[in-house]
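# Secondary and tertiary structure notes
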Amino acid sequence: MPRPLGELEDAVMTRIWQWNRPVTVREVLEDLQQERSIAYTTVMTVLDNLHQKGWVRREVEGRAYRYTAVSTRAAYSAALMNEAWGQSDNPAAALVAFFGMMSPEQRESLNDAIRIVQRDNPIPAVPEEGGGEPAAS
């Protein structure tokens, strides 16, 4: 399970996920500098840490690295939700509480997701007891 990203890690990963292409430290730095004062070495360290944690892969290009996300933001969010749900001593109650916090739009997204999962992974029908064909002998 991934540990939640720190604030700066999340800011860096957000850009990598949004751009959806290999990025350099310089590109991330220049974009971050539009909102905050930050040093090149800080961004380089964050990207190195994200690489060490398995969030990004990197490839050498000249004298620099290009970084690419290993998974999507959706997969990251799903892993966090799954971990939180798994830590509950009452998973059903946790889901009820979570669903109760959702906006109508989020509930509709949930319904859409359930329909997709059910369509792609149908649950096999369980034969009724005593019904069906007699066993071959």
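Residues numbered from 1 in each chain as written. Predicted model: local features only at pLDDT ≥ 70, side-chain atom pairs only at ≥ 80, totals over all residues. Heavy atoms only, no water.

- An unreviewed UniProt entry lists the protein under the name BlaI/MecI/CopY family transcriptional regulator, with Streptomyces omiyaensis as the source organism.
- The UniProt entry for the protein carries this comment under Sequence similarities (unreviewed entry): "Belongs to the BlaI transcriptional regulatory family." (UniProt positions renumbered as here; feature names shortened; annotations may be inferred.)

### Re the pairing of strand β2 (residues 64-69)
- In the sheet, strand β1 (residues 56-61) pairs with β2 via six bridges, with the strands oriented antiparallel. Paired with R58 across the bridge in β2 is Y67.
- Linkage of β1 to β2, two consecutive antiparallel strands, is achieved through a turn of two residues, within which G62 is found at a positive phi near 65°. (Pairing = 2+ DSSP bridges. Helix = DSSP H or I, 4+ residues; strand = E, 2+ residues; numbered from the N terminus.)

### With respect to the nonpolar core
- Formed by 22 residues in total, the largest nonpolar core has its most connected members in V12, M13, I16, L32, V43, L47 and L50.
- For this core, the elements supplying multiple residues, two or more each, are α1 (7-19), α2 (25-32), α3 (40-52) and β2.
- Top contributing element to this core by residue count: α1, with six residues.
- Not counting chain neighbours up to four residues away, the residues in contact with I16 comprise R21, V23, L47, V56, T68 and A69. (Core = buried A, V, L, I, M, F, W, Y, C linked by side-chain atoms within 4.5 Å. Buried < 20%, exposed > 50% of the residue type's maximum accessible area, 1.4 Å probe, protein only. Contact = heavy atoms within 4.5 Å.)

### Comments concerning the environment of M102
- As for its placement among the helices and strands, M102 is situated in the loop between α5 (91-101) and α6 (104-120).
- For M102, a relative accessible area of 13% translates into the label buried.

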